[in-house]
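Coordinate inspection notes
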Amino acid sequence: MTIIAPDPAAVRAYARKRCEAHPANFLQHVECLDTRSGERFEFQLMDPKDPWYWQRVEVLDWWIENEITLILKARQLGITWLAAGYALWHLLFRPGTRVLIYSIGEEESQIVIGRIWSMYMSLQKKPFLIEHVKKITPKADSVPTEKIVVRHADGRTSTIRAMPATKKAGHSETAALIILDEVARQDYALQIHTAVIPVMGDGGR
């Protein structure tokens with residue numbers, strides 16, 4: 001009996017196609033670093049029996065299906081981590097898109113950018129998920145504080161940018177995904193929300 005082993009390149013290409021099709025398929029490959037405890041953890045979005053599977057069906061799929069969502073939640077549920085992973089998926093698999101992140105202040109927005117960067121760096125262990133893009137910002141491997149930019153093979157760039165939650169924020173920007181983190185604690189949440197609605201355009205979230 002002849003056994004034909006699958007072509008490794010074809011296996012990687014298929015896996016990347018699945019990641020492009022749905023962020024849950026992508027996030028199973030990502031490793032997260034909790035800078036408070038130093039612990040590493042992974043998303044559990046593929047097995048319906050997993051206790052954290054609810055993050056997919058009740059949150060991630062909900063985000064995908066709706067243009068505007070608002071979550072009133074307890075702390076320590078990993079929702080900001082999930083949003084950061086969703087942002088990274090846009091960066092890598094939606095050429096030409098921009099993600100804007102508004103948090104309570106500049107430092108808090110930078111923390112979210114740092115989380116996304118740590119997830120991006122974890123993919124160096126699985127280069128087939130990032131080799132189709134070229135990192136533009138940050139230079140070298142320094143930790144970004146404001147934005148992450150990659151260039152896709154067709155020349156289009158995708159960006160994730162931390163924005164100041166100021167009274168004038170949100171104007172003159174366009175984005176495919178806008179994350180208002182800790183919005184209940186933002187002094188100018190109403191003004192920012194009003195400003196970013198037209199920013200989303202058709203198909204934005």
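Preceding block: the structure.
Residues numbered from 1 in each chain as written. Predicted model: local features only at pLDDT ≥ 70, side-chain atom pairs only at ≥ 80, totals over all residues. Heavy atoms only, no water.

**Regarding the overall build of the chain**
Secondary structure summary: the chain contains six helices and seven strands in total. From first element to last, N terminus to C terminus, the chain shows the α and β order α-α-β-β-α-α-β-α-β-β-β-β-α. Scaling as 2.2 N^0.38, a compact globule of 205 residues should have a C-alpha radius of gyration of about 17 Å, and the chain matches this with 17 Å. Projected onto the principal axes, the alpha-carbon positions of the chain cover approximately 70 × 40 × 35 Å. Classification of the 205 residues of the chain by burial places 42% in the buried group. For the chain, long-range pairs separated by at least 24 residues make up 62% of all intrachain contacts whose partners lie at least 6 apart in sequence. Each charge class in the chain was averaged separately, 26 positive and 24 negative side chains, and the resulting centres sit 5 Å apart. (Helix = DSSP H or I, 4+ residues; strand = E, 2+ residues; numbered from the N terminus. Rg over C-alpha atoms; globule rule 2.2 N^0.38 Å. Buried < 20%, exposed > 50% of the residue type's maximum accessible area, 1.4 Å probe, protein only. Contact = heavy atoms within 4.5 Å. Lys, Arg positive; Asp, Glu negative; His and termini not counted. Charge placed at Lys NZ, Arg CZ, Asp CG, Glu CD.)

**Brief notes about unusual backbone geometry**
Of note, the bond from Thr137 into Pro138 is cis; its omega dihedral lies within 30 degrees of zero at 10°. Checked against the element boundaries, Pro138 lands in the loop between β4 (133–137) and β5 (147–152). Even without being glycine, Gln76 reaches a positive phi, approximately 65°. The residue Gln76 is located in the loop between α3 (54–65) and α4 (79–93) in this model. By relative accessible area, which is 54% here, Gln76 ends up exposed.

**Thoughts on the packing of aromatic side chains**
Each aromatic ring pair is summarised here by two numbers: the centre-to-centre distance and the angle between the ring planes. A complete count under the given rule lists six aromatic pairs for this structure. Judged by centre distance (6.0 Å) and plane angle (15°), the ring pair of Trp63 and Tyr86 falls under stacked. With Trp63 in helix α3 and Tyr86 in helix α4, this pair connects stretches of sequence that are 23 residues apart. Tyr86 carries the same exposure label as Trp63, and that label is buried. Both rings, one in Trp117 and one in Tyr120, keep their centres 5.2 Å apart while their planes meet at 15°; by these two values the pair is stacked. With Trp117 and Tyr120 both in helix α5 (residues 106–122), this residue pair falls three residues apart, about one helical turn. Tyr120 matches Trp117 in its accessibility class, with the two residues each being buried. Feature note: the residues Trp63, Tyr86 and Trp89 constitute an aromatic cluster, connected by ring pairs. (Phe/Tyr/Trp six-rings, centres within 6.5 Å; stacked < 30°, edge-to-face > 60°.)

**Points about the nonpolar core**
Soluble, globular proteins show a tendency: their nonpolar side chains are buried together. With 43 residues, the main nonpolar core has Phe26, Val30, Phe43, Leu88, Leu92, Ile116 and Met119 as its most contacted residues. In terms of residues, this core owes the most to one element, α4, which gives 12 residues. In this structure, Leu100, Ala175, Ile178 and Val199 belong to the second largest nonpolar core, which totals nine residues. (Core = buried A, V, L, I, M, F, W, Y, C linked by side-chain atoms within 4.5 Å.)

**As for the sheet that holds β5**
The strands making up a sheet associate through hydrogen bonds between their backbones, and the pairing can be parallel or antiparallel. On the basis of which strands lie adjacent, the open sheet formed by five strands has the order β4-β5-β6-β3-β7 and mixed pairing. Each edge of the open sheet carries a strand with a single partner, namely β4 and β7 (177–180). Averaged over all pairs of adjacent strands, the angle between their axes in this sheet comes to 15°, without regard to strand direction. In this sheet, strand β6 (residues 157–163) lies alongside β5 in antiparallel orientation, the contact comprising five bridges. Directly across from Val149, in β6, lies its bridge partner Thr159. Packed on one face of the sheet, α4 meets β3 (98–102), β4, β5, β6 and β7 and runs near 150° to β6. Those strands touched by α5 are β3, β4, β5 and β6, and its axis lies near 145° from that of β6. (Pairing = 2+ DSSP bridges. Axes fitted to C-alpha atoms, helices over the stretch in contact; angles between N-to-C directions.)

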